[in-house]
Amino acid sequence: MVITPVHYIVAPLLAAFAIPLLSKIYKDAARVVPGIVLFYNMIISFVLMRQVLKHGMINEIIAGWQPPWGINLVLTPFTGFLAAMVSVMGFIIWLYGFRFKRTLKGGVVKYYEILQMMMIAGSIGVIITGDLFNMFVFIEIVGITAYSLTAFYRDRNGAEAGFKYLLLGSLASVFLLLAILLIYTQTGTLNMAQIAERMPEVSSGIKITALIFFLIALGIEAEMFPLNGWTPDAYEQAPSPTSATFAAVVSIAGIYALVRVLFTLFDVSGVHQYLIVMGFITMLVAEIAAISQKNLKRMLAYSSIGQVGLVLIAFGIGSQLAVFGALFLMLNHAVIKSLLFMTGSYFIYNSGEKRLEGLNGMHKRLPYVSALFSLAAFAIIGFPPFSGFWSKFYILIAASDQKMIFLIIGILLVTIIELVYYLRLVGRIYFAKEEMQDIAHKPSVNALVAMSFLALFIILIGIYPDIITGYINQAAAALLDKTHYIQQILANK
Amino acid sequence: MNEFNELFIKYKDLITIAVYGTAIMLIIIGLYAVLLKKHLIKIVIGLSIIDAGVHLLFVAVGYIQNGTAPIFSPGYEKAANRMVDPVPQALVLTAIVIGFAVTALALSLVIRLYKHHQTANIEQIKSLKW
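Residues numbered from 1 in each chain as written. Chains lettered and ligands numbered in written order. Predicted model: local features only at pLDDT ≥ 70, side-chain atom pairs only at ≥ 80, totals over all residues.

(A) Broad picture of the overall build of chain B. In terms of helices and strands, chain B carries 4 helices and 0 strands. Since a compact globule built from 130 residues should have a radius of gyration of about 14 Å, the 20 Å found for chain B marks it as more spread out than a globular shape. Its C-alpha atoms give chain B principal-axis dimensions of roughly 60 × 30 × 25 Å. In chain B, which comprises 130 residues, the share counted as buried stands at 22%. (Helix = DSSP H or I, 4+ residues; strand = E, 2+ residues; numbered from the N terminus. Rg over C-alpha atoms; globule rule 2.2 N^0.38 Å. Buried ≥ 20, exposed ≤ 12 C-beta atoms within 10 Å, placed from the backbone.)

Below, the structure is given as structure tokens:
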């Protein structure tokens, strides 16, 4: 069997339809099959990544229609890297949530696993597609599954957070459709490579209108200020593995879509400055909001938005080194933030308290999980022996190369804010007085494996960043080399 | 049929304006409902109206004067340059399906909200911060 990028999408879709049938025969199919599919996705992402690095970009043509007319899936070192990252995180989150149904009643878990799998599949679709409208369809797949998962717990807040997310998400999709329509009327094509080729001929007024529509639409998906009102509620109300998925998978896909549109499709000057300014505001507002939060998951959600802001800043700087830093930070964000959500959810589960007071003295009841949480907290602030240090370091170096002194000062100031609230969390875990309750829910083996793996990854990358930097470097180069992308896709026209 | 065509050609500017105007009006009406109405069902209706406007815009963009359906059928073998653009129509079909799914999901969430709060007024529901 030949492995091609389309497997990324076909396998989860097939499984999603088959699971309700299979679960008539085998009761646990709804839990096991998504794991098999996600594991398969992980394997093919490694195989394809090797292939891409050896033989160059893979451009898969769907249904025999050549690129300008049909839909194509593109795997460059850039998209391949992100797809690999998303699929690995997807599998780890599945592993973590394998026993998740314990807390739920009966049949519901079936829908949970299917939705979770489709959310991950949709995100991979956003990343690998080469067609603008196809990207819209995948964004909607991610959206619809994410709304449902946000409202998964049948309490009042779940439904409200879900509805809020749905409202903003549908407005985003309207703006995205309008932007696609404008682009289509001007260039007569939906293929991203061909749009990029024809973009210089489009009059600047229409270009800017389309750009604004794109920024509104994808800004909502990528959690950019001021369009991220849905984010804290959705992260807070969703089941914890889903919160981890929002951070590790969905936000990555959102940032990818934004970056692909801004870097490949448009050649408008000023976008980079806009990204820096908006990224900085996003980061500052989110971190200031995080420090005053009383609720653990909300605090982590705001911290997520802050990280996204930093990623946007790094993309805005736009040099090879900065893009390298941005991709490194996306990887770190996915790994570290999902570890924080995973461990944090055990604290909430044990204390039955979503508020920060629930953390008090947790290290006596869950020593190992507390250690992992602290490790992740230090890593996300950017302490040297951990992976978070390198991404921030590279972004700061890139900023200093461009002589952006104020930006460096700003990032460091925001890091201090980050330091304050994460150290407060760690302090609560280790030093605050507890009210001892002896009912401890020990984490299950699969969750421990998943969390330990992520922790190991953080330490390993922190000590030997060289094992990953080669891939990221090629990914950054692939994103910035727009002409190569266009030529390769339209080569066999 | 011929009379209709003549009429159409005579007033083609007017018809173009009417179609585009309707689409934009629909979008504005929908946005008004989504942003200013307090009732959840009305907000969902507003979303549907916006969708309808965007879809109409798509079809209008692909339209050409005196065009035919983009299908090669007996009697229309040489009609390739009179055919309307099939791409926007395909896009609209997809977008309609997605819009349907989102509307259904939104309505089910509205039902759940109503069950919990005994009201569909958005001002009385805010238990989370915006």
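After that view of the structure, there is still more to cover.
(B) View of the overall build of chain A. Assigned secondary structure in chain A consists of 20 helices and 2 strands. Compactness check: chain A gives a C-alpha radius of gyration of 22 Å against a globular reference of 23 Å for 493 residues, within 12% of the reference. If one aligns the C-alpha atoms of chain A with their principal axes, the spans along those axes are about 70 × 60 × 45 Å. Taking all 493 residues of chain A together, 57% fall into the buried category. Excluding contacts between residues fewer than 6 apart, the proportion of contacts in chain A whose partners are at least 24 apart in sequence is 80%. (Contact = placed C-beta atoms within 7 Å.)

(C) Seen up close, the environment of leucine 227 of chain A. All names here are of chain A. By the secondary structure assignment, leucine 227 is in the loop between α8 (204–221) and α9 (230–237). Considering only alpha carbons, one finds leucine 227 and leucine 356, 129 residues apart in sequence, at a separation of 26 Å. Beyond its immediate chain neighbours, meaning those up to four positions away, leucine 227 contacts Ile216, Gly219 and Ile220.

(D) Representation of helix α13 (residues 320–351) of chain A within the structure. An ideal rise of 1.5 Å per residue puts 46 Å on 32 residues; α13 of chain A measures up with 46 Å between its terminal C-alpha atoms. With respect to burial, α13 of chain A is a largely interior element, 28 of its 32 residues being buried. (Expected span 1.5 Å × (residues − 1).)

(E) Inspection of the interface of chain B and chain A at higher detail. Residue-level contacts link 24 residues of chain B with 25 residues of chain A. Element by element, the count of residues in the side of chain B that touches chain A is highest for helix α4 (residues 86–117) of chain B, at 13 residues. Tallied by class, the residues present in the side of chain B that touches chain A amount to 19 nonpolar, 4 polar and 1 charged. (Nonpolar A, V, L, I, M, F, W, Y, C, P; charged D, E, K, R; others polar.)

(F) Focus on unusual backbone geometry. Residues and elements named next belong to chain A. One non-glycine residue with positive phi stands out, namely glutamate 223, at about 65 degrees. Summarising the element assignment, glutamate 223 is placed in the loop between α8 and α9. Positive phi outside glycine occurs at lysine 403, with the angle close to 60 degrees.

(G) Fine view of the nonpolar core. In terms of nonpolar packing, the biggest core is built from 210 residues, with Ala179, Ala314 and Ala376 of chain A touching the most fellow members. With near-sequence residues (within four places) excluded, alanine 314 of chain A lies in contact with Ala322, Gly325, Ala326, Leu329, Ile395 and Ala398 of chain A. (Core = buried A, V, L, I, M, F, W, Y, C linked by C-beta atoms within 7 Å.)

(H) Region of interest: helix α19 (residues 466–480) of chain A. Residue and element names in this part refer to chain A. Helix length check: α19, at 15 residues, gives a terminal C-alpha distance of 21 Å against a target of 21 Å (1.5 Å per residue), a fit within 8%. Along α19, the positions that sit buried rather than exposed are Ile472, Ala475, Ala476, Ala478 and Leu479. Within α19, the buried residues cover an arc of 160 degrees as seen down the axis, which keeps them to one side. Facing away from the buried side of α19 by more than 90 degrees, the exposed set consists of Asp466 and Gly470. Tucked inside the fold, the buried residues of α19 contact α3 (77–96), α10 (240–265) and α13. (Arc of directions from axis to C-beta.)

(I) Geometry of the pairing of strand β2 (residues 72–75) of chain A. Residues and elements named next belong to chain A. Of the two faces of β2, both are covered, the one formed by Asn72 and Val74 as well as the one formed by Leu73 and Leu75. Examined bridge by bridge, strand β1 (residues 58–61) and β2 share 4 bridges and lie antiparallel to one another. Within β2, the residue paired with glutamate 60 across the bridge is leucine 73. (Pairing = 2+ DSSP bridges.)

(J) Fine view of the environment of proline 200 of chain A. Note that proline 200 of chain A resides in the loop between α7 (192–198) and α8. The spacing of proline 200 of chain A and phenylalanine 324 of chain A is 124 residues in sequence and 27 Å in space, taken between C-alpha atoms.

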